[in-house]
Amino acid sequence: MIASETISRLEFDRLLAEITRHAHSSCTVEQINNIRPRDSLPEITIISGRIDEIRALDRFGIALDIGTFEDIRPSLELLRPTGAILAPQELLLFIPVLRLYGSLNRQFRHREDIPLLKSIEPQLRSFSDILEPLTASINSDGSIMDSASPLLRETRRAKRSLAGRIRKKIEEIIHNSDIEKFLQDDFITQRSGRWVIPVRMDSKGMVKGVVHDVSSSGETAFMEPLEIIPFANELENMTAEEKAEEIRILRQLSSWIREDSEQIAACFETLLELDTLNCMARFASEYNLEPARISEQGELHLVDARHPLLLLMQKRGALKTVEPLGLSLGGAVSDSGTVMVITGPNAGGKTIALKTAGMLVLMALSGLPVPAGPRSIFPLIHSLLVDIGDDQSIEQSHSTFSAHAARVTTILQQSGPHSLVLLDELGAGTEPLQGAAIACGVLHELQQQGSMVIATTHLSDIIGFVHRTPGMINAGMAFDDASFTPLYRLIVGEPGQSHAVEIARRFGMPERVIAFARQMLGNAGSEFASLLTELRQRRNELEQARRDLHEKERQQNERDAELRARAAEVDRIRREAAEKAWGEAKELISATRRKMNEILDALKREKRSDIVEKLRRVEVELTEQIKPLAAGQELLPVQSVKAGDLVHVRSLGCNGTVLSYDERNGKTRIRVGRMELDVPLAELVRPLATGDKAGKKQPVLKWKTAIVESEQRELKLIGLRVDEALAELEPFINHAAAAGLQEVRVIHGIGTGRLRDAVREELERNPLVEDLRPGEPHEGRDGATVVTLRT
């Protein structure tokens, strides 16, 4: 639990006040001002995640449909007693609230990218059964509309009609020559709800009627003419009926709201939560804040951190720039230990660094995005203890030192392993030597308790203690030695100097005072200051070398990226060339198939030997055209073959095995897959490599064929995949048709039926097939397909 005093000292309430600018209701403002850090990581994660979902919607141009609304909880409390009735102005408050329930319900209903927002319980629902009669009954000015009920509409219509008749009757009376002379004026007005005319006081007995009022001068009597009294009485009766109907309507509306009051109240809490989250998200987007990463390992790692109130001042033009803060305490990210002591000049930014760390931890533990880099990490702590500011009090007899001592004593009693302690001006307010000794004791005790500590001081004696103690580290605020001005940048690992003498001179301190002060400092102080200056110069040199190295690394990365881009472009050009070649090849295949089908059709009509020779010429032409597509493999002819040799058939574009060689006819019997073909020796070359993987099947070029003068009537496809089977099916049908066969059989087996169906579907599309049927019992039944070829 983090104390309210700590929150106030770190000015967290000022940050919350800035967030409330985006609120749509006064009760949302109150809820935002009550935001406090949490110590449950799941709760923090859910809040942060919901804010991220709202910001993600905003990046898509989708804003939560939330408008201005008022707090309805007091009105719901008034409705608790049975029979209680709300006034029209109170009922009017429910209309915008119920509308927001419905619009947000419709906005969330079908979205799948906001699971955390949709998990808020209870989910908003549309109370249309209440909203519709409310909007039909209550006007924007809080009056009850005629449309609230048919009876009210009719009553008001009759009332208006009667009022018109009364006015017309009075006008007739005042224009009567017998009465006009007794009137003070000729206007018509009302007194106590009755229609009256102004009659001179000395003539009131001359006009029949009832006096309802007298003017302040006493010279005019406001009289209701006797003739209109019955009409006026009737009008009052109608007014009473109107009032009764209005009360009935208000009672009915109040009763409906009372029935659902618990659900309405619960949904109002959801609406408040959504409005609060929306305010936090809009504030985060306005200042480009990052979601906070929370560590349970006691680790504080700030990267490019900035105090949010300084960012506000920068946005409003009060500051030009805000220097980022970087520091690390605890955890595996840092070797700096858990205690950091910051030294440096007055007005150099030490306290701002302290408050920045404290403020960002409060924001992170509240689920708020933080003004820091995405690599920043914040500890999940149970207590944040601070001693910032001067609590001296005349009433309590507290000096500056005693006030600090009392506060630090309380901190030592409350701190522990899950604590972050921020101490400003540690050891100040007393004799420097003793103040430094006490400060070192406090730092040692807090380190032993396991607390993370960030402290600021001006006492140089503490620097040596921190330097010698493992787990502690010095840090200093950067200072420009040339201009003697603070740079507001934290340097971790190097103590800072107060530069009091230089700053005093800068603000106009007499030179003789400065000289005397330097003399009082002595050699030891000068040597210490010179040593720190030399260390700072060396650090600046190393920092410059590091920047140069990073620049070279950046340039090298750019060159690498450029080379990768060039390689990708070359690869793209190669792929486009391959795709273009493949497209041209497919066009060639398509054209060749059409030509082959034409030749095969002619084969049935003309002499066979002429067609065969024509096919061979087409085949040679096609082979010449397709040669550029080969992958650079050289085709070496064979001089002789014997049974069992592996050869490549150029006309088929695939390898095969020699079965026999007919030396007299110059023909070689080749087995290719499950087919046997007779091929001239000139068509055979040495077998081509089949690729990197052993046994990889050379794809069959479907656009090549050979006319086989054989009586092969069967094709066995059992055991082949569908694509392999179809690759052998088409050449088989072409050869059979070219050989003049009328009927062939394709044996594919039954199996799952996939191969059979694919084969029959392919056969049905083939123009050479006249008909097909499953085999008879002696032909293999459904495991074979008998094909009738066109003649």
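Note that the coordinates shown come from a computational prediction; the quantities given were computed from them, not determined experimentally. (Residues numbered from 1 in each chain as written. Predicted model: local features only at pLDDT ≥ 70, side-chain atom pairs only at ≥ 80, totals over all residues. Heavy atoms only, no water.)

Visitor: How would you explain the nonpolar core if you had to name every residue and give the values?
Guide: Ranked by size, the top nonpolar core spans 104 residues in total, and within it Tyr101, Leu134 and Phe378 carry the most contacts. Per-element tally for this core: the top contributor is helix 13 (residues 261–286), with twelve residues. Beyond its immediate chain neighbours, meaning those up to four positions away, Tyr101 contacts Ile72, Leu124, Arg125, Phe127, Ile264, Cys267, Phe268 and Leu271. (Core = buried A, V, L, I, M, F, W, Y, C linked by side-chain atoms within 4.5 Å. Buried < 20%, exposed > 50% of the residue type's maximum accessible area, 1.4 Å probe, protein only. Helix = DSSP H or I, 4+ residues; strand = E, 2+ residues; numbered from the N terminus. Contact = heavy atoms within 4.5 Å.)

Visitor: Tell me about the side chain of Arg156, and name the residues and values.
Guide: Along the chain, Arg156 turns up in helix 10 (residues 150–174). Overall, the relative accessible area of 11% leaves Arg156 in the buried class. There is a polar contact of 2.7 Å between the side chain of Arg156 and the side chain of Asp146. For Arg156, the residues in contact, after removing those within four places along its chain, are Ile144, Met145, Asp146, Glu242 and Glu246. (Polar contact = N/O pair within 3.5 Å; in protein donor to acceptor, adjacent residues only side chain to side chain.)

Visitor: Before we move on, could you go through the pairing of strand 12 (residues 452–457) and cite the residues and values that matter?
Guide: Taken across its six residues, strand 12 has six buried, putting it largely inside the fold. Of the two faces of strand 12, both are covered, the one formed by Met452, Ile454 and Thr456 as well as the one formed by Val453, Ala455 and Thr457. Strand direction decides the pairing type here: strand 8 (residues 339–343) and strand 12, joined by five bridges, are parallel. When the bridges of strand 12 are listed, Thr343 appears paired with Thr457. Summarising the sheet, strand 11 (residues 419–423) and strand 12 pair through four bridges and their orientation is parallel. If you follow Val421 over to strand 12, its bridge partner there is Val453. (Pairing = 2+ DSSP bridges.)

Visitor: Outline the packing of helix 17 (residues 432–449) against helix 18 (residues 461–468), listing residues and values.
Guide: It is the contact of helix 17 with helix 18, at a shortest axis distance of 9 Å, that shows an interaxial angle of 30 degrees. On the basis of the axis angle, helix 17 is roughly parallel to helix 18. Along this stretch, helix 17 crosses helix 18, giving a crossing that reads as right-handed. Contacts between helix 17 and helix 18 involve Leu433, Ala436, Ala439, Cys440, Leu443 and His444 from the former and Asp461, Ile462, Phe465 and Val466 from the latter. A breakdown of the residues in the contact of helix 17 with helix 18 according to their chemical character gives eight nonpolar, one polar and one charged. (Axes fitted to C-alpha atoms, helices over the stretch in contact; angles between N-to-C directions. Parallel < 35°, antiparallel > 145°, perpendicular 65-115°, else oblique. Left-handed = near helix turned anticlockwise from the far one by under 90°. Nonpolar A, V, L, I, M, F, W, Y, C, P; charged D, E, K, R; others polar.)

Visitor: Kindly report on the environment of Gly416, identifying the contributing residues and their values.
Guide: Note on placement: Gly416 falls in the loop between helix 16 (400–414) and strand 11. Taking C-alpha positions, Gly416 is 5.9 Å from Gly450, a pair spaced 34 residues apart along the chain. If we ignore the near neighbours within four places in the chain, the residues touching Gly416 are Gln449, Gly450 and Ser451.

Visitor: So what about helix 17? Which residues, and what values?
Guide: Here helix 17 spans 26 Å end to end across 18 residues, near enough to the 26 Å set by a 1.5 Å rise per residue. Those residues of helix 17 lying buried are Gly435, Ala436, Ala439, Cys440, Val442, Leu443, Leu446, Gln447 and Gln449. Two residues or fewer past helix 17, Gly450 is found with a positive phi of approximately 90 degrees. (Expected span 1.5 Å × (residues − 1).)

Visitor: Residues and numbers for the packing of aromatic side chains, please.
Guide: Counted under the stated rule, the structure contains three aromatic pairs. For the ring pair Phe69 and Phe268, a centre distance of 5.8 Å and an interplane angle of 85 degrees mean the geometry is edge-to-face. Of this pair, Phe69 sits in the loop between helix 4 (41–59) and helix 5 (73–78) while Phe268 sits in helix 13, and the two are 199 residues apart along the sequence. Exposure remark for Phe69: the relative accessible area of 1% places this residue in the buried category. Their ring planes at 50 degrees and their centres at 5.1 Å tell us that Phe283 and Tyr287 sit as a pair that is tilted. Taking NZ or CZ as reference, Arg125 lies 3.9 Å from the ring centre of Phe127, over its face. (Phe/Tyr/Trp six-rings, centres within 6.5 Å; stacked < 30°, edge-to-face > 60°. Lys NZ or Arg CZ within 6 Å of the ring centre and 35° of its normal.)

Visitor: Please give an account of the sheet that holds strand 2 (residues 194–200) that cites residues and values.
Guide: In space, the four strands of this open sheet follow the order 1-2-4-3, with antiparallel pairing throughout. With one partner strand each, in any of the chains shown, strand 1 (189–191) and strand 3 (209–214) form the two edges of the open sheet. The sheet shows a mean angle of 50 degrees between the axes of neighbouring strands, taken without regard to direction. Judged from the five bridges that link them, strand 3 and strand 4 (residues 220–225) form a sheet pairing that is antiparallel. The residue bridging Val211 from the neighbouring strand is Met223, located in strand 4. Of the strands in this sheet, strand 2 and strand 4 touch helix 10, which is tilted by about 15 degrees from strand 2. Taken strand by strand, helix 12 (residues 229–259) contacts strand 2, strand 3 and strand 4, and its axis lies near 145 degrees from that of strand 2.

Visitor: Could you give an account of the sheet that holds strand 22 (residues 769–774), with specific residues and numbers?
Guide: Here we have four strands laid out as an open sheet, ordered 20-21-23-22, and mixed in their pairing. Both edges of this open sheet fall to strand 20 (714–716) and strand 22, since each of them pairs with a single strand only. Averaged over all adjacent pairs, the angle separating strand axes in this sheet is 20 degrees, with direction ignored. Strand direction decides the pairing type here: strand 20 and strand 21 (residues 743–747), joined by three bridges, are parallel. Opposite Glu714, over in strand 21, you have Arg745 as the bridge partner. Along the sheet face, helix 22 (residues 722–738) touches strand 20, strand 21, strand 22 and strand 23 (784–789) and points at about 165 degrees away from the line of strand 21. In the packing of helix 23 (residues 754–765) onto the sheet, the strands contacted are strand 21, strand 22 and strand 23, and the crossing angle to strand 22 comes to about 155 degrees.

Visitor: Can you lay out the pairing of strand 23 for me, pointing to particular residues and giving the numbers?
Guide: Burial analysis of strand 23 places five of its six residues in the buried class, which makes it a mostly covered element. Sheet analysis places strand 21 next to strand 23, joined by five bridges and oriented antiparallel. Across the sheet, residue Val744 finds its bridge partner in strand 23, namely Val787. Alignment of strand 22 against strand 23, held across five bridges, turns out to be antiparallel. For Val769, the partnering residue across the bridge sits in strand 23 and is Leu789.

Visitor: I'd like a description of unusual backbone geometry, backed by residues and values.
Guide: With an omega of -10 degrees, the peptide bond between Glu121 and Pro122 qualifies as cis. In this structure, Asn288 is a non-glycine residue whose phi angle is positive, near 55 degrees. Tracing the backbone shows Asn288 in the loop between helix 13 and strand 5 (293–295). A positive phi is found at Glu425, a non-glycine position, where the angle reads about 55 degrees. Position of Glu425 among the secondary structure elements: in the loop between strand 11 and helix 17. Look at Glu425 and you get partly exposed, because its relative accessible area is 23%.

Visitor: A description of the pattern of salt bridges should follow, citing residues and the corresponding values.
Guide: Scanning the model with the defined rule gives 41 salt bridges in all. Ionic pairing is found between Arg73 and Glu269, a salt bridge with its closest N-O pair at 3.4 Å. Here Arg73 is found in helix 5, whereas its partner Glu269 is found in helix 13, with 196 residues between them in sequence. The partly exposed category is assigned to Glu269, whose relative accessible area is 37%. With a shortest N-O distance of 2.7 Å, Glu242 and Lys159 are connected by a salt bridge. Taken together, the residues span a long stretch of sequence, with Glu242 in helix 12 and Lys159 in helix 10 at a distance of 83 residues. Looking at Glu242, the relative accessible area reads 11%, which means it is buried. Within the structure, one salt-bridge network assembled from shared partners comprises Asp146, Arg156, Lys159, Arg160, Glu242 and Glu246. (Salt bridge = Lys/Arg side-chain N within 4 Å of Asp/Glu carboxyl O.)

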